[in-house]
Amino acid sequence: MSKISTLKISRSGLKLFLDCPRCFWLDLHHKIKRPPGYPYTLSAAVDYMVKREFDGHRQKGELPPVLIDAGIKDAKLYNGDDFTDWRNNFKGVSYFDEGLNAILYGAVDDVLEFSDGSLAVIDYKSSGSKEITIYDDYQRQMDVYNWILKQKGYETYPEAFFVFYQVQKDENGFNNVMKFREEVRPVKVNMDWVGPAFESAVELARQDSPPSSGTAGKNGHCDHCHYVSMVRQRVQEDLNV
């Protein structure tokens, strides 16, 4: 990888760096990717339908009822010219750091604009679980989006908002209809870690070699790296037979 070329890191790429720097380096340099996760096509369909619903309210210049019921006031759905790009998975909302010659980007679900001009990120989540859980990665997701907006010169709201759509399992059968409970969960935004993590990821990405196996991942262990190491060892043993 040329040290003078512009590096582009997605929010999921930064997550991979935090999970395992070695996997991150191998992905960038050799396109060696972790096995893909199970495709959550139903969740993607819910996201699509919610976006259409929210866009209908955006066109009318009104807040969706789920946000009003959550006590959100003095705000409207953001409708800037750049919003289409912000939602685009291949463009997203992005920040170019000239000093690092690197871009950090990520696609948002939605954004609120308060009367003071501050922006708050909204993310839709669908779940079939009995209890709603805001995982660490959910929090980091919001932190990254807000950090990017802040670097671009936008004033950001101190909170971000998850809109959860939780499947109602107490209905009397499916009957070709799936009902959801709506619930808004605000989280406090913490952007302090994002800049240093971005810089560290860029520094590693421009190194000529990856971290050694067994030294990356959480507490020095990565299940994927361990699996690859064991496969390599077994292949070598078979060759030596």
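Up top is the structure these notes are about.
Here the structure is a predicted model, which means the values were calculated and not measured. (Residues numbered from 1 in each chain as written. Predicted model: local features only at pLDDT ≥ 70, side-chain atom pairs only at ≥ 80, totals over all residues. Heavy atoms only, no water.)

Colleague: Got a minute to help me understand the side chain of Asp 110 in this structure?
Modeller: With respect to the helices and strands, Asp 110 occurs in strand 5 (residues 110-114). The class of Asp 110 is buried, set by a relative accessible area of 0%. Of note is the side chain of Asp 110, whose polar atom sits 2.7 Å from the side chain of Tyr 124. (Helix = DSSP H or I, 4+ residues; strand = E, 2+ residues; numbered from the N terminus. Buried < 20%, exposed > 50% of the residue type's maximum accessible area, 1.4 Å probe, protein only. Polar contact = N/O pair within 3.5 Å; in protein donor to acceptor, adjacent residues only side chain to side chain.)

Colleague: Is there a simple way to explain the sheet that holds strand 1 (residues 7-10) in this structure?
Modeller: Within a sheet, adjacent strands bond to each other through the backbone by hydrogen bonds, running parallel or antiparallel. Spatial strand order, 1-4-3: three strands in an open sheet with mixed pairing. With one partner strand each, in any of the chains shown, strand 1 and strand 3 (93-97) form the two edges of the open sheet. Between one strand and the next, the sheet's axes are offset by a mean angle of 20°, whatever the strand orientation. (Pairing = 2+ DSSP bridges. Axes fitted to C-alpha atoms, helices over the stretch in contact; angles between N-to-C directions.)

Colleague: Honestly, the packing of aromatic side chains in this entry has me stumped. Any pointers?
Modeller: Aromatic ring pairs: the centre-centre distance and the angle between the two ring planes describe each pair. Following the criterion strictly, the structure yields 12 aromatic pairs and no others. Between Tyr 95 and Trp 147, the aromatic rings sit 5.6 Å apart at their centres with planes inclined by 85°, giving edge-to-face as the arrangement. With Tyr 95 in strand 3 and Trp 147 in helix 6 (residues 136-151), this pair connects stretches of sequence that are 52 residues apart. We classify Tyr 95 as buried; its relative accessible area is 18%. (Phe/Tyr/Trp six-rings, centres within 6.5 Å; stacked < 30°, edge-to-face > 60°.)

Colleague: Is there a simple way to think about the pattern of salt bridges in this case?
Modeller: Where side chains of opposite charge bring their charged atoms close, a pairing between them can arise. Applying the stated criterion across every chain, the model contains 13 salt bridges. Put simply, Lys 15 and Asp 19 hold a salt bridge, and the shortest N to O gap is 2.9 Å. Here Lys 15 pairs with Asp 19, and both are found in helix 1 (residues 11-19), just four residues apart, close to one helical turn. A relative accessible area of 13% means that Asp 19 is categorised as buried. Close ionic contact of Asp 109 with Lys 51 constitutes a salt bridge, the shortest N to O distance being 3.8 Å. With a gap of 58 residues between them, Asp 109 in the loop between strand 4 (102-106) and strand 5 and Lys 51 in helix 3 (residues 41-60) connect regions that are remote in the sequence. Accessibility expressed as a relative area gives 22% for Lys 51, which makes it partly exposed. Through salt bridges that share partners, Asp 55, Arg 58, Arg 87 and Asp 110 make up one connected network. (Salt bridge = Lys/Arg side-chain N within 4 Å of Asp/Glu carboxyl O.)

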